[in-house]
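Each chain is listed here by its residues.
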Amino acid sequence: MLSQAATAPVAVAEDDVVLRVENLSLDFRLRTEILHAARDVSLELKRGKTLCLVGESGSGKSVTARALMRIIDRNGTIAGGRIVLSGDKGAIDIAQLAENSPELLEIRGGRIGLIFQEPMSSLSPVHTIGSQIIEAVRLHTRLDKRQARERTIDLLRQVEIPDPEQMVDRYTFEFSGGMRQRAMIAMALAANPEVLIADEPTTALDVTTQAEILDLIKRLQVERGMAMLLITHDMGVVAEVADEVAVMHFGRIVEFGSVDDIFYNARHAYTRRLLESTVKLEQNRRASAPAEGGPGKAVVLSARNLTKVYGAARTWLGGKGYAVKAVDDVSFDLHAGENLGIVGESGSGKTTLGRMLLRMVEPTSGAITFFGDGDAPVDVTSLSKRGLRAFHRQVRLVFQDPFASLNPRMTVGDIVGDPLVVGRKLGGAALTRRVCELLELVGLDPAMRERYPHAFSGGQRQRIGIARTLALDPRIIIADEATAALDVSIRAQILDLLLDLQKRLDLSFIFISHDISVVRYFCDRVAVMHRGRLVELGPAEQICTAPREPYTQSLISAVPSPDPRNKRMLHRTRFTQ
């Protein structure tokens, strides 16, 4: 609940414009050229209303939003246009203010608040959460240290952080992802801003935490009468929270209108493409095109009573220790040609389970059995290092982050060919031929093999990672949040690519994700995890439309609906156990 200090919703007029952007253009001077990041951008933020700025990565959303506070990089300049902030003392053109002028410093974090995308990199790891918020409070008010601390505790209470009197003295690493984002919201609200800019505030969060954060931001916005600019590429989030929508593509606003107009009467081809990609993931492609594998087929991987405990029940001095069961007695089978999804909130044990299947994390107890082609079953938990190398040729991993998982100092050809050099000792013309085949297989031009990862987009980098995974002809691929870092249209392309490769190469997938729409589209069966335990396992269609367990019901009800006339999160089920 919000604190008792929260006020009643502020009455606002329909045309009460707080901030107006007129023909804003942004240029960035690069080494060999000038990049036009934004061109003739015009929009209005109205008191008490939410404008969603949407578009894929690189469309210019974030840089436009940061320009409203004049916090763009040093090589960037405002090439033209006005940013007019209205107020009791008249209108101010932010674009004309001198850098570090008192007026501009008052606006940054004062009259305009900003919630960053990644709270872990935006909050200091060496200062307490409270000290960081207190600094923001004192910067924009005349409160002394004691009053600023009281104000900070009240802000933490308003953003629903439990035990704010104690949590104010905790450090960033002691907060969960959702609590860090709540702390960022408290900091953004420190000076009672008139405008709130939220830059992808829920991108790294699971669906239930995302729903809570969006609900919190919306309630605080309405109660305080703030104008809000929400930047996102998730059209489901747009449908749930937006009043108006601006669609951005290659630095320009290509379409603007009410949320209802955008979703039901989209005129621009790019807007229609974004919506089609979102609606596409609301379906189950495996149900519409029946899979050849799945239950009834041979089992290729079996897990029985897998448990992973971190810590110990007793310390070495005999005192009471602290043990956490990251995975607790999990059992399932993966069948030939099947796609098994593993879903749950952050901290549910999904990734730990996936890494245990590969023995990248050693199980505390339990058994993992792999069934090779016509070979005797292999007890994975007892394999030596040599045996694990052979197992890892059959079971491969696709990493979550296509930017961090590729070596920036290696060419694409070297990256894709590395498993072939290490595992099969290929070289020369044979290696080049196989690398070219793999790049063609994932839809990339073999001529690109001499380029480095920085020359590729996020979707292309993930294709390179998939090509590397396929190099040794595996039977099973474990995909750990393989599409989490991608835009919705690129996400659909990668999922379709994986399904096509599965059909051609007879693959089985374990697909780990917190994105329910991705799992529904891609998987035959879904396993739901909560606090290390497997709470429900069944067909994807049944789990995603008619779940039986209360926890699964709460998870599914928190998924944003890409339909502004059917806002699912408003009626979501909350799991209280």
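Residue numbering note: each chain is counted from 1, following its sequence as written. The predicted nature of this model means local features are confined to residues of pLDDT at least 70 and side-chain atom pairs, given and counted, to a pLDDT of 80 or more, with totals for whole chains, interfaces and linings taken over all residues. Each side-chain value is worked out from all heavy atoms of the structure, with water and hydrogens disregarded.

In the nomenclature of an unreviewed UniProt entry, the chain corresponds to ABC transporter ATP-binding protein from the organism Devosia honganensis. Taken from UniProt, the Subcellular location (unreviewed entry) comment for the chain reads in full: "Cell inner membrane". Quoted straight from UniProt, the Sequence similarities (unreviewed entry) entry for the chain says "Belongs to the ABC transporter superfamily." UniProt positions are given in the numbering used here, feature names are shortened, and annotations may be inferred rather than shown by experiment.

### Here's the deal with the overall build of the chain
When its secondary structure is counted, the chain shows 21 helices and 20 strands. Over its C-alpha trace the chain gives a radius of gyration of 26 Å, about what one expects of a compact globule, namely 25 Å for 577 residues. In terms of its C-alpha atoms, the chain occupies a principal-axis envelope of roughly 80 × 60 × 45 Å. In the chain, the share of contacts with a sequence separation of at least 24, taken over all contacts with a separation of at least 6, comes to 70%. Note on areas: Shrake-Rupley, 1.4 Å probe, and residue coverage restricted to the protein chains presented here. Approximately 26200 Å² of the chain is accessible, and the part contributed by carbon and sulfur atoms is 50%. What counts as a helix is a DSSP run of H or I of at least four residues, what counts as a strand is a run of E of at least two, and both are numbered from the N terminus. Radius of gyration: over C-alpha atoms. The globule rule applied is 2.2 Å multiplied by the number of residues raised to the 0.38 power. When checking whether two residues touch, look at their non-hydrogen atoms; a contact exists if any pair is within 4.5 Å.

### What to know about the environment of L439
Mapped onto the secondary structure, L439 falls in helix α16 (residues 428-441). The sequence separation of L439 and L19 amounts to 420 residues, and the corresponding C-alpha distance is 48 Å. In this view, L439 contacts V412, V416, L444, D445, P446 and R449; residues no more than four positions away in its chain are not counted.

### A few points about the pattern of salt bridges
Each reported salt bridge corresponds to a side-chain nitrogen of Lys or Arg within 4 Å of a carboxyl oxygen of Asp or Glu. The tally for this structure, following the rule as stated, stands at 33 salt bridges. A salt bridge links E165 to R157; its shortest N-O distance comes to 2.6 Å. The classification of residues rests on relative accessible area computed with a 1.4 Å probe and restricted to protein chains. Under 20% of the type maximum is buried, over 50% is exposed, and intermediate values are partly exposed. Overall, E165 belongs to the partly exposed group, its relative accessible area being 38%. For K325, the salt bridge goes to D328, with nearest N and O atoms at 3.7 Å. Here the residues in one salt-bridge network are E160, R182, E212, D215 and R219, joined through shared partners.

### Concerning the nonpolar core
As used here, the term nonpolar core means buried Ala, Val, Leu, Ile, Met, Phe, Trp, Tyr and Cys residues forming a set that is joined through side-chain atoms within 4.5 Å. Ranked by internal contacts, the top residues of the largest apolar core, which has 108 residues, are I185, I466, L470 and F511. Membership of the second largest hydrophobic core comes to 34 residues, among which are L24, L26, A38 and I197.

### Focus: the sheet that holds strand β3 (residues 50-54)
Any two strands between which DSSP finds at least two bridges are classified as paired. Taken in spatial order, the six strands line up as β6-β7-β8-β3-β9-β10 in an open sheet, and their pairing is mixed. Here the strands that pair on one side only, and so sit at the sheet edges, are β6 (112-115) and β10 (252-258). Strand-to-strand twist in this sheet, taken as the mean axis angle between neighbours without regard to direction, amounts to 15 degrees. Inspection of the sheet shows β3 paired to strand β9 (residues 244-249) by four bridges, in the parallel sense. Within β9, the position partnered with L51 by the bridge is E244. Packing against the sheet, helix α7 (residues 177-188) makes contact with β6 and β7 (195-199), and its axis sits at approximately 170 degrees to β6. Contacting β9 and β10, helix α11 (residues 269-280) crosses the sheet at an angle of about 105 degrees to β9. Only the stretch in contact is used when fitting a helix axis, every axis being a line fitted to C-alpha atoms; angles between N-to-C directions are given from 0 to 180 degrees.

### A closer look at helix α14 (residues 385-394)
Residues of α14 that are buried: G387, L388 and F391. Summarising the axial view, the buried residues of α14 lie within an arc of 100 degrees, below the 170-degree limit, and thus occupy one face. Exposed positions of α14 whose direction lies more than 90 degrees from the buried face are K385, R386 and R389. Buried residues along α14 sit in contact with α13 (350-357), β14 (365-370) and β16 (395-398). Summarising the geometry, the arc corresponds to the directions from the helix axis toward the C-beta atoms.

### Quick look at the sheet that holds strand β15 (residues 378-379)
Sheet strands pair via backbone hydrogen bonds, and the direction of the pair is either parallel or antiparallel. Spatially, the four strands line up as an open sheet ordered β12-β11-β14-β15, and their pairing is antiparallel. Single-partner strands in this sheet number two, and they are β12 (324-335) and β15. In the sheet, strand β11 (residues 299-310) pairs with β14 via five bridges, with the strands oriented antiparallel. Paired with A303 across the strands is I368, a residue of β14. Those strands touched by α13 are β11, β12 and β14, and its axis lies near 120 degrees from that of β11.

### Structural notes on the packing of helix α17 (residues 458-470) against helix α18 (residues 488-505)
Put simply, α17 and α18 touch, their axes get as near as 10 Å, and they point 20 degrees apart. By the angle between their directions, the pair α17 and α18 is classed as roughly parallel. Our pair here, α17 against α18, has a crossing hand that is right-handed. Along the contact surface, α17 presents G459, Q462, R463, I466 and L470, while α18 presents I490, Q493, I494, L497, L498, L501 and L505. The labels follow the angle: roughly parallel below 35 degrees, roughly antiparallel above 145, roughly perpendicular from 65 to 115, and oblique for the rest. A clockwise turn of the near helix away from the far one marks a right-handed crossing, whereas an anticlockwise turn of less than a right angle marks a left-handed crossing.

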